[in-house]
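Below are the chains, spelled out letter by letter.
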Amino acid sequence: MIMLWIACGLLTAGFIVLLFKWILLKRDIRQLGIKLNEIIHTDTNARLSTHTFDKDIINLAEGINHMLTKHRQGYLEANRLENDLKRAVTNISHDLRTPLTSAKGYLQMAENKELDEETLLRYLSIIRGRLDSLSILMDSLFAFSRAVEGDVTLQRVNISNILRDTLVASYAEIEGKGFDVESDIPDSTVYCFCDEDALKRVLQNLISNAVVHGNSNLRVRLLDGVIEIANKIDEPHKIDIHNIFERFYTADASRTNKRTGLGLAIAKELTEKMGGCISAIKEENMLVMRVRLPMA
């Protein structure tokens, strides 16, 4: 009889312990659910926490926190892309509307039959200039689309030759601005894995950007496999280094120089497609662009 009472006591104690543990687990799960619901319906970086000692509950909370982190990152990235798209649409609309409106206005004035020939030719010249601006924009948009959607073919390439050839090909543009050029390109071969046409486009865009926005000095180097293109600038404080490679970024907010702000974005897209990286820094009154590609 005593043994029976002991057995019953042990069973009762075990049942109470299991019941107590079940109540605690249910409480922890309920609290996790309440906290999770708050996190889902608010814009917060909060994470789930629990005071339980149950390993399964702890693992569940950690798994949910991992999913919340990924969800948060996706949400922020989606917002960033949406804002980028809005800015892109706004900039494209502005860049299309401005020359079109101007051309339309001058075309209406050119239709005046009482205009003298000199004034008519001046109006037609202005209209042609506005249409040229549209052509530049459309060509840049097409080039950016190809850079984003197109493929690259990586092969072993001597980048010292490509840099030297690109600099020579840009000589007329550089000379037209009266730039002093400082070049340091080794005669020895420097190989990297890249797409030759894509690299040429990157270098052309960087040199063109330096010539258009620079002032009197251009420096082109190839040091330790890193391509460096630098130019002197008048107002360094106006350049936003953090956004310089973003689509449609331009220090000239009014775009009076007819630049679309896509040249450096194209250079960035192509460089990263080739597995490389591109960066920009300001060194006193110099804007320095650096391109690093996978070395062969």
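About the cut-offs
- Residues numbered from 1 in each chain as written.
- Predicted model: local features only at pLDDT ≥ 70, side-chain atom pairs only at ≥ 80, totals over all residues.
- Heavy atoms only, no water.
- Helix = DSSP H or I, 4+ residues; strand = E, 2+ residues; numbered from the N terminus.
- Expected span 1.5 Å × (residues − 1).
- Buried < 20%, exposed > 50% of the residue type's maximum accessible area, 1.4 Å probe, protein only.
- Polar contact = N/O pair within 3.5 Å; in protein donor to acceptor, adjacent residues only side chain to side chain.
- Phe/Tyr/Trp six-rings, centres within 6.5 Å; stacked < 30°, edge-to-face > 60°.
- Lys NZ or Arg CZ within 6 Å of the ring centre and 35° of its normal.
- Salt bridge = Lys/Arg side-chain N within 4 Å of Asp/Glu carboxyl O.
- Pairing = 2+ DSSP bridges.
- Axes fitted to C-alpha atoms, helices over the stretch in contact; angles between N-to-C directions.
- Parallel < 35°, antiparallel > 145°, perpendicular 65-115°, else oblique.
- Left-handed = near helix turned anticlockwise from the far one by under 90°.
- Contact = heavy atoms within 4.5 Å.
- Core = buried A, V, L, I, M, F, W, Y, C linked by side-chain atoms within 4.5 Å.

S.K.: Which parts of the structure should I look at to understand helix α3 (residues 117–149)?
M.R.: Since one α-helical turn is 3.6 residues long, residues separated by three or four positions face the same way. Given a rise of 1.5 Å per residue, 33 residues ought to cover 48 Å, and the 48 Å separating the end C-alpha atoms of α3 matches this to within 8%. Every buried residue of α3 is accounted for by T119, Y123, I126, I127, G129, S133, L134, L137, S140, A143, F144 and A147. A distance of 3.2 Å separates the backbone nitrogen of E118 from a side-chain oxygen at the start of α3, and that oxygen is part of D116.

S.K.: I'm lost on the packing of aromatic side chains in this one. Help?
M.R.: Think of a pair of aromatic rings as described by two things: how far the centres are apart, and how the planes are tilted against each other in angle. If you walk through the whole model with that rule in mind, you get 1 aromatic pair. A cation over a ring is seen here: R156 above Y191, with NZ or CZ 3.8 Å from the ring centre.

S.K.: Help me understand the pattern of salt bridges, please; the structure alone is not making it clear to me.
M.R.: As a working rule, side chains carrying opposite charge can pair if their charged atoms are close by. By the definition in use, this model includes 8 salt bridges. Of the charged contacts, one joins E228 and R219 as a salt bridge, the two residues approaching to 3.0 Å between their closest N and O atoms. Residue E228 is classed as buried on the basis of its relative accessible area of 7%. Judged by relative accessible area, R219 falls into the buried class, the value being 12%. Of the charged contacts, one joins E272 and K268 as a salt bridge, the two residues approaching to 3.1 Å between their closest N and O atoms. On the criterion of helical spacing, the pair formed by E272 and K268 is a turn pair, its members being 4 residues apart in helix α7 (residues 263–273). Look at E272 and you get partly exposed, because its relative accessible area is 43%. When salt bridges with common partners are traced through the structure, they connect E182, R219, R221, E228, E283 and R290 into a single cluster.

S.K.: What's the story with the sheet that holds strand β2 (residues 180–184) in this structure? I'm lost.
M.R.: Sheet strands pair via backbone hydrogen bonds, and the direction of the pair is either parallel or antiparallel. Strand order in this open sheet of 5 strands is β2-β4-β5-β7-β6, and the pairing throughout is mixed. Unpaired on one side and paired on the other, β2 and β6 (277–283) mark the two borders of the sheet. Strand after strand, the sheet turns through a mean of 15° between neighbouring axes, direction not considered. Where strand β4 (residues 217–223) and strand β5 (residues 226–232) come together, 6 bridges link them in antiparallel fashion. Bridge pairing in β5 places R219 opposite A230.

S.K.: Looking at this structure, I do not really get the packing of α3 against α7. What am I missing?
M.R.: When two helices pack together, their arrangement is captured by the angle between the axes and the distance separating the axes. Contact geometry for α3 and α7: axes closest at 9 Å, N-to-C directions at 15°. By the angle between their directions, the pair α3 and α7 is classed as roughly parallel. Seen from above, α3 lies across α7 with left-handed handedness. On the side of α3, the interface is formed by S140, A143, F144, A147 and V148, while α7 contributes A265, I266, E269, L270 and K273.

S.K.: Honestly, the pairing of β6 in this entry has me stumped. Any pointers?
M.R.: Successive side chains on a regular strand alternate, one facing one side of the sheet and the next facing the other. Note: β6 against strand β7 (residues 286–292), 7 bridges, orientation antiparallel. In the sheet register, E283 faces β7, and the bridge partner there is M286. Hairpin remark: β6 followed by β7, antiparallel, with 2 residues in the connecting loop; positive phi at E284, about 55°.

S.K.: Please clarify how the nonpolar core should be interpreted in this entry.
M.R.: Nonpolar side chains in soluble globular proteins tend to be buried together. With 44 residues, the main nonpolar core has L199, L206, L218, I227 and I229 as its most contacted residues. Among all residues touching I229, those that are not within four sequence positions of it are L203, L206, I207, A210, L218, R219, V220, L287, V288 and M289. In this structure, L48, I57, A61 and I64 belong to the second largest nonpolar core, which totals 7 residues.

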